[in-house]
Structure formats: C-alpha cells, structure tokens
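So you can see what is in the structure, the chains are spelled out below.
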Amino acid sequence: MNKIVLKSDGSIVYNEKTVEKGVLSFLACEVVLDSTFTLRSYFQMVERYSKFIELNSSFPSYMKQYLESPARGCVYDGFKHLEFGKTVEMIGFPGEPRLEIYNSLRGVYGSETFDIRNVSLKNLLDMPLALGKLAHIVFGDKADILEFDTVFNLFDFIDGILWELSFQGTLMQCELRFGG
C-alpha cells in the first residue's frame, strides 16, 4: 500500500513531493501523520483540497464551524491528545452473529480514553491528533479487548473523523428536546 504523509499545514506529501492535484487518487493510500498534526490540520487539509468536501454532505457545516473558530488556542484541558482508532467487534452470540467494523475519535488523557461528544469543535481544533490501534472485541467482552497495530487509508481517516464529529452535542440536544 502506498503511503502519504499528512502535514500539520494541511498538505499531503507523496514520495517527498506535495500533492497539488488529483488528490482523490490518494484515497486508498495509507496515512502517516506528521508529528505536529492536529484536528485543525485536518480541516486545513480539507480546505486546501476542496474535492474532499464532496465526500460527505456534512462537510459544509463543519467547515463553517472551523472557519468561525479562533485561529489558535482551541484546546480542551481534559485531554492530552485525540486518537483516531478502529474497532472490529463480533456481536450476536448466542443468536445471529455479525461483525461490525468502525472508526472512532477519542480524547486521551494518560491511559484513559474519553468520548468527545460533549466537547465543541472549537475546543478540539488545536489538540494533537494521533493514529491509534485496532481494538478487537469478541462478543461484547470489553474486559479482554485485543489491540493490534493497523493502517488507516485516507478515505477512512477523512470520513471517520467527520462521522465522529457528527455526534457532538447529541446529549445536550436530547436534553433540550425532552426537557431534561
């Protein structure tokens, strides 16, 4: 699998050259993050390579939030960094077994991970972003989660982060709607 490096300024580097055009042809490439990559870098990448906006109809609203946020200092004290990971979960035993594969974006502090749902985008933009491992959960047994090194392609990275951000504020919206 070809590798690309996502730089902190939002650029994509392939074979030590910055990608200028034909960016969609890199969607299947393995992603490596620059050591100073942040969630803001992710949005700078989407801003720079505007074709990515066409990958998901939710992009315009998140790009608007990103553009309206302060230019720096957008951090959340409850996390040291954000981690993008992958989970493979076997579900349904006894009964109808199935396999679910999904990506996640979590806040990390020490050895603990946290949901980002209740933290607004403007408080996450300058958080360092790292690639995590693949967690394998067998029939809901979260006590014995197996972890493996894995790779992420560019499409999974772009779409997976946006998917996770789409859950932000859902608890507060439910409280407001149901009078809680």
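Residues numbered from 1 in each chain as written. Predicted model: local features only at pLDDT ≥ 70, side-chain atom pairs only at ≥ 80, totals over all residues. Heavy atoms only, no water.

(A) Up close: the environment of Lys 133. As for its position among the elements, Lys 133 is in strand S8 (residues 129–138). Considered as a pair, Lys 133 and Glu 83 are 50 residues apart in the sequence and their alpha carbons are 9.1 Å apart. Here Lys 133 is in contact with Gly 85, Lys 86, Glu 147, Phe 148, Asp 149 and Thr 150, once residues within four sequence places are set aside. (Helix = DSSP H or I, 4+ residues; strand = E, 2+ residues; numbered from the N terminus. Contact = heavy atoms within 4.5 Å.)

(B) Local environment of the nonpolar core. Of all hydrophobic cores here, the largest spans 41 residues; its most connected members are Leu 6, Ile 12, Tyr 42, Phe 43, Phe 52, Leu 154 and Phe 157. Counting only elements with at least two residues in this core, the list comes to strand S1 (3–6), strand S4 (30–33), helix H1 (39–48), helix H2 (59–68), strand S5 (81–91) and helix H3 (154–165). Among the elements that make up this core, the one with the highest residue count is H3 (six residues). (Core = buried A, V, L, I, M, F, W, Y, C linked by side-chain atoms within 4.5 Å. Buried < 20%, exposed > 50% of the residue type's maximum accessible area, 1.4 Å probe, protein only.)

(C) Representation of H2 within the structure. Residues Phe 59, Tyr 62, Met 63 and Tyr 66 constitute the buried set of H2. The arc that holds the buried residues of H2, viewed along the axis, is 100 degrees, so those residues lie on one side. Those residues of H2 that are exposed and aimed more than 90 degrees away from the buried face are Lys 64 and Glu 68. The elements touched by buried residues of H2 are H1 and H3. (Arc of directions from axis to C-beta.)

Interpretation in functional terms is not warranted from these geometric data alone.
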